[in-house]
Amino acid sequence: MRRGWGGRGGWQQADQPPADDAAGWFTGRLPDGWFTEPPVVTVDREEIVVVGTLPAVEGEFADDAERAAAESGRISRFREQTRDERIEIARQAEHRYRRKVAWGARLGGTEELFTTLSVPVMTRLRQPERMVLDTLVAAGVARSRSEALAWAVRLVGEHADTWLTELREAMTRVDDLRAQGPDLT
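These notes cover the structure that comes with them.

How each quantity is defined
Each chain has its residues counted from 1, following the order in which its sequence is written. Only residues with pLDDT of at least 70 are given local features in this predicted model, and only at 80 or more are side-chain atom pairs given and counted; all residues enter the totals for whole chains, interfaces and linings. Values reported for side chains reflect all heavy atoms of the structure, with hydrogen atoms and water molecules removed beforehand. Each helix is a run of H or I in the DSSP string that is no shorter than four residues. Each strand is a run of E no shorter than two, and both are numbered from the N terminus. In this scheme, a residue with accessible area under 20% of its type's maximum is buried, one over 50% is exposed, and one in between is partly exposed, where area comes from a 1.4 Å probe on protein chains only. Distance and chemistry together define a polar contact, namely a pair of N or O atoms within 3.5 Å, with one atom able to donate a hydrogen and the other to accept it when in protein, and with adjacent residues in sequence counting only for side-chain atoms on both sides. Any two residues whose heavy atoms approach within 4.5 Å at even a single point are treated as in contact. Any Lys or Arg side-chain nitrogen located within 4 Å of an Asp or Glu carboxyl oxygen qualifies as a salt bridge. Buriedness for pockets is judged along seven lines, at least five of which must meet protein on both sides within 12 Å for an open set on the 1 Å grid over protein atoms alone, while cavities are sets there where a 1.4 Å probe fits but cannot get out, and lining residues have an atom within 4 Å of a point. Grid points are joined across faces, edges and corners, and a volume is the space filled by probe spheres set on the points. What we call a nonpolar core is a set of buried Ala, Val, Leu, Ile, Met, Phe, Trp, Tyr and Cys residues that are connected through their side-chain atoms within 4.5 Å. Charged residues are defined narrowly, with Lys and Arg counted positive, Asp and Glu counted negative, and His plus the chain ends left uncounted.

What follows is about the side chain of Thr53. Within the element layout of this structure, Thr53 appears in strand β2 (residues 47-53). Its relative accessible area of 16% is what places Thr53 among the buried residues. One polar contact links Thr53 to Arg106, side chain to side chain, over a distance of 3.3 Å. Not counting chain neighbours up to four residues away, the residues in contact with Thr53 comprise Trp34, Phe35, Thr36, Glu37 and Arg106.

Below you can see the structure in the form of structure tokens.
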């Protein structure tokens, strides 16, 4: 197997199996009736997050807050009732893909994730970047530099979604071209 730039994308861990089929695997593996549509499956180097849409909550609600509380309660019930089976499915997926599995559910305007990973990421920042993080901490936007950096990354992700999607597609195309090239080993 190639290492470094010769491997998939150059940024992937060389010994991890691909998880390109994870969405299909979970769709086929999950019990019928859990979700109203195929789950959204998001994969990175460390984790697979599976988020499914639950059936709508029936009934009349006094306001949006009451509806949100009912949705949150339904998600909580789903989490408790499916725990043992989700653990078994996650165990199988973790063996297959060598990544941790986290779960989530969406209902109406409410989405909750269950036990997702928080992975440390090392970075080197020059003083101007550190000053931005320190300003966010001083202003109370974040409790620490780490939290400020996570906030900034989320903000960029929300506002650059189209660009990030195009970048990921371009990286996939580069991977395909690399695979067609000569084997240098």
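Now that the structure has been shown, we can carry on.
Summed over all chains, the structure comprises eight salt bridges. Among the ionic pairs, Asp21 bridges to Arg96, the shortest N-O distance being 2.8 Å. Taken together, the positions of Asp21 in the segment before α1 (22-29) and Arg96 in helix α2 (residues 64-97) put the pair 75 residues apart, joining distant regions of the chain. Residue Arg96 is classed as partly exposed on the basis of its relative accessible area, which comes to 39%.

It is worth spelling out the layout of surface pockets at this point. Put simply, the second largest pocket is a space of about 240 Å³. In terms of lining residues, the second largest pocket is bounded by 14 residues, among which Arg86, Val101, Trp103, Phe114 and Thr115 are the most central. Going through the elements one at a time, α2 and β3 (100-107) are the ones with two or more residues in the lining of the second largest pocket. Considering every element that reaches the lining of the second largest pocket, the biggest residue donor is α2, with six residues.

With that out of the way, let us pick up the nonpolar core. Core analysis: the largest hydrophobic core is formed by 23 residues, its most contacted members being Phe26, Val50, Val101 and Trp103. A total of six residues in this core trace back to one element, the largest contributor, which is α2. When sequence neighbours within four positions are dropped, the list of residues in contact with Trp103 reads Phe26, Leu30, Trp34, Val50, Arg86, Ile89, Ala90, Glu112, Leu113 and Phe114.

Another aspect to go through is the side chain of Glu47. Take Glu47: it is sitting in strand β2. It is Lys100 that comes nearest to the buried, bridge-free Glu47 among opposite-charge side chains, at 9.9 Å. Polar side-chain contacts of Glu47 include one of 2.8 Å to the backbone nitrogen of Leu117. Apart from residues no more than four positions distant in its own chain, Glu47 is found in contact with Thr42, Arg99, Lys100, Ala102, Thr116 and Leu117.

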